[in-house]
Amino acid sequence: MKLISDPKKFTAMAAKAKQLKKSIGFVPTMGALHAGHFSLVKRARRENDIVIVSIFVNPTQFGPGEDLKKYPRCLKKDADSCRKLGVDFIFLPDKDNMYPKGYSTFVNVEVLSGLLCGLRRPGHFRGVATVVAKLLNIVQPDTLYLGQKDAQQAVIISRMVKDLNFPVKVKVMPIVRQKDGLALSSRNAYLNEKERSSALVLSKALRLAEAMVSCGQRNAGRIISRMRQLIENNKQAKIDYIAIVDQEELREVKKIKPGSLIALAVTIGKNRLIDNTVIDYN
Ligand code: AMP
């Protein structure tokens, strides 16, 4: 496994792999890797000749007052995990070679970036789309692996890939959870014991919604209000949003259909957590 920081060197390596007709699977991350990331890497390993993981805590997707400085960083551990999973290359740029002096180009996926999490985090998805566009140009993968955990991000990146004709296939992998239901996230490291237990309200609310749907409830408003009640029973939890939307446009739906996305963001203490589920029934 090789670690490369220089984007130019990385692109040269990718071009060589292309010449040799090797397929490239790419997993972009911000590090502090966990089983959620590993599921993407394992899938990429199964499906490609070359697996590339990027680790970059991208400053342009953090707003003022967000956790850019304290975001967990543990490169050695991450590199060990990647080695064990059979990753071929880690791309490890720094902010100066991704955004050198004079950098002025940004990608904004209109409308979608302003909904749901975009309302609370203006500029976040502009930063995400920009860095992913740059990474796709540098890494030149055949397949990009993303997690359903960040459902809105997956919708926005898929839209960008389509709109800007990036020659890459996007695959979105299911959410990996802990046994008790908590969706894995690098930010879970911020939670103390009590917050960790309160954080279960997110997955519990989603399970409640799924149970209501399986009992025949199709009214989105009723489902949201029961989810709201459940979460508001927890003193530590503050709801940012609960939304039931279609997966393409992220527009609110009144009536649940197969494929409807139930997404929520809840602050526990100082930690804003997100989770979601896609409704599936026939
Ligand atoms: P991050 O390092 O948080 O930027 O995440 C990198 C990639 O891993 C993104 O595509 C995430 O959606 C994905 N990911 C993060 N957590 C999980 C999880 N619990 N299950 C599946 N994928 C995840």
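Fair warning: this is a prediction, and the values are worked out from it, not measured in the lab. Along each chain, residue indices are assigned from 1 in the same order as the chain's sequence is written. In keeping with the predicted nature of the model, local features appear solely for residues at pLDDT of at least 70, side-chain atom pairs appear and are counted solely at 80 or more, and the whole-chain, interface and lining totals rest on all residues. Here the side-chain values reflect all heavy atoms present in the structure, with hydrogen atoms and water set aside.

All right, on to the overall build of the protein chain then. Here a helix means four or more residues in a row that DSSP labels H or I, a strand means two or more in a row labelled E, and each is numbered from the N terminus. A count of helical and extended segments in the protein chain gives 10 helices and nine strands. Atoms counted for the radius of gyration: C-alpha only. Globule rule: 2.2 Å times the number of residues to the power 0.38. Rg of the C-alpha trace for the protein chain: 19 Å, near the compact-globule value of 19 Å for 282 residues, within the 12% margin. Taking the principal axes of its C-alpha atoms as reference, the protein chain extends roughly 55 × 40 × 40 Å. Whether a residue is buried, partly exposed or exposed follows from its accessible area with a 1.4 Å probe, protein chains only, as a fraction of its type maximum: under 20%, in between, or over 50%, in that order. Here the protein chain holds 282 residues, and 52% of them are scored as buried. What makes two residues a contact is simply this: any of their non-hydrogen atoms within 4.5 Å. Within the protein chain, residue pairs in contact and separated by at least 24 positions form 73% of the contacts whose partners lie at least 6 positions apart. Accessible area of the protein chain: about 14,300 Å², with a carbon and sulfur share of 52%. Treating the 48 positive side-chain charges of the protein chain as one cloud and the 26 negative ones as another, the clouds have centres 1 Å apart. Only the protein chains shown count as cover for residues, with accessible areas throughout obtained via the Shrake-Rupley method and a probe of 1.4 Å. Positive: Lys, Arg. Negative: Asp, Glu. His and the chain ends are not part of the count. We put the charge of a Lys on NZ, of an Arg on CZ, of an Asp on CG and of a Glu on CD.

Quick look at the domain arrangement of the protein chain now. The domain limits used here are those given by an automatic or database domain assignment. Once the domains are mapped, the protein chain shows domain 1 (2-173) and domain 2 (186-277). In this structure, domain 1 and domain 2 have C-alpha centres spaced 26 Å apart. Accessible area that two parts lose when put together, evaluated with a 1.4 Å probe and summed over both, is termed the buried area. Where domain 1 abuts domain 2, roughly 1,800 Å² becomes buried across the two surfaces, and 54% of that area is made up of carbon and sulfur atoms. Considering only the side of domain 1, the residues that lose the most area to domain 2 are Leu 116, Arg 120 and Lys 149, jointly responsible for 29% of the buried surface there. Counted as salt bridges are all cases of a side-chain nitrogen of Lys or Arg within 4 Å of a carboxyl oxygen of Asp or Glu. Along the contact surface separating domain 1 from domain 2 lie two salt bridges. Note that Arg 187 and Asp 67 form a salt bridge whose closest N and O atoms lie 2.8 Å from each other.

This next bit is on the site of the ligand. A single heavy atom is enough: if one lies within 4 Å of a molecule or strand, its residue is considered near that molecule or strand. Neighbouring the ligand are 17 residues; His 37, Gly 147, Asp 150, Val 176 and Leu 184 lie closest to it. In the analysis that follows, any N or O atom pair within 3.5 Å is treated as a polar contact, provided that within protein one partner can donate a hydrogen and the other can accept it, and provided that, for residues neighboring in sequence, both atoms belong to side chains. Here an oxygen atom of the ligand sits 2.9 Å away from a polar atom, N or O, in the main chain of Met 30. Leu 184 is positioned such that a nitrogen or oxygen atom in its backbone is 2.9 Å from a nitrogen atom of the ligand. The fraction of the free accessible surface of the ligand (490 Å²) that becomes covered by protein chains is 92%. Top element by residues in the shell around the ligand is helix 2 (residues 35-47). It accounts for three residues. Residue polarity follows a fixed list, in which Ala, Val, Leu, Ile, Met, Phe, Trp, Tyr, Cys and Pro are nonpolar, Asp, Glu, Lys and Arg are charged, and the others, Gly among them, are polar. For the shell around the ligand, the class distribution of residues is nine nonpolar, six polar and two charged.

With that settled, the discussion passes to the pairing of strand 7 (residues 237-245). In terms of burial, strand 7 is largely enclosed, as eight of its nine residues are buried. Across eight bridges, the pairing between strand 7 and strand 8 (residues 261-268) is antiparallel. Bridging from a neighbouring strand, Ile 244 pairs with Ile 262 of strand 8. For two strands to count as paired, DSSP must find a minimum of two bridges between them.

Looking now at the environment of Ile 268. On the secondary structure map, Ile 268 appears in strand 8. Residue Ile 268 is classed as buried on the basis of its relative accessible area, which comes to 0%. Separated by 215 residues in the primary sequence, Ile 268 and Val 53 place their C-alpha atoms 30 Å from one another. What Ile 268 contacts, discounting residues up to four positions off in sequence, is Glu 195, Ser 198, Ala 199, Val 201, Gln 236, Ala 237 and Leu 273.

Moving on, we come to the nonpolar core. Counting residues in each nonpolar core, the largest one holds 48 residues, and the members touching the most others are Phe 10, Ile 52, Leu 136 and Met 160. Per-element tally for this core: the top contributor is helix 6 (residues 124-139), with 10 residues. Counting the residues that make up this core, at least three belong to each of domain 1 (2-173) and domain 2 (186-277). In this structure, Leu 136 is in contact with Phe 26, Pro 141, Leu 144, Met 160, Val 161, Phe 166 and Val 168, ignoring residues within four places of it in sequence. Residues grouped as a nonpolar core are buried Ala, Val, Leu, Ile, Met, Phe, Trp, Tyr and Cys residues, joined through side-chain atoms within 4.5 Å. Formed by 30 residues, the second largest nonpolar core is a distinct cluster that contains Leu 200, Met 227, Ile 231 and Tyr 281.

On to the sheet that holds strand 9 (residues 271-278). Taken together, the three strands give an open sheet; going across it, the order is 7-8-9, and neighbouring strands pair in antiparallel fashion. A strand with exactly one partner marks an edge of an open sheet, and here the two such strands are strand 7 and strand 9. On average, each strand axis in the sheet is inclined to that of its neighbour by 15 degrees, with strand direction left out of account. Each of strand 7, strand 8 and strand 9 touches helix 9 (residues 200-214); the most contacted strand, strand 9, lies at about 20 degrees to it. Lines fitted to C-alpha atoms define the axes here, with helix axes fitted over just the stretch in contact, and angles between the N-to-C directions of these axes take values from 0 to 180 degrees. Packing of helix 10 (residues 220-232) onto the sheet brings it into contact with strand 7 and strand 8, and relative to strand 7 it is tilted by some 165 degrees.

Attention shifts here to the packing of aromatic side chains. The geometry of an aromatic ring pair is captured by two quantities: the separation of the ring centres and the angle between the planes. Each Phe, Tyr or Trp ring (for Trp, its six-membered ring) is paired with any other whose centre lies within 6.5 Å, and the angle between the two planes then decides the class: stacked below 30 degrees, edge-to-face above 60, tilted in between. This model, assessed by the stated rule, comprises six aromatic pairs. With a centroid separation of 6.2 Å and an interplanar angle of 80 degrees, the aromatic rings of Phe 10 and Phe 89 are classed as edge-to-face. Of the two residues, Phe 10 is situated in helix 1 (residues 7-19) and Phe 89 in strand 4 (residues 89-91); the sequence distance between them amounts to 79 residues. Aromatic side chains Tyr 103 and Phe 106 sit 5.6 Å apart centroid to centroid with 85 degrees between the ring planes, which places their arrangement in the edge-to-face category. Of the residues examined, Tyr 103 reaches a relative accessible area of 26% and is grouped as partly exposed. For Phe 106, a relative accessible area of 31% puts it in the partly exposed group.

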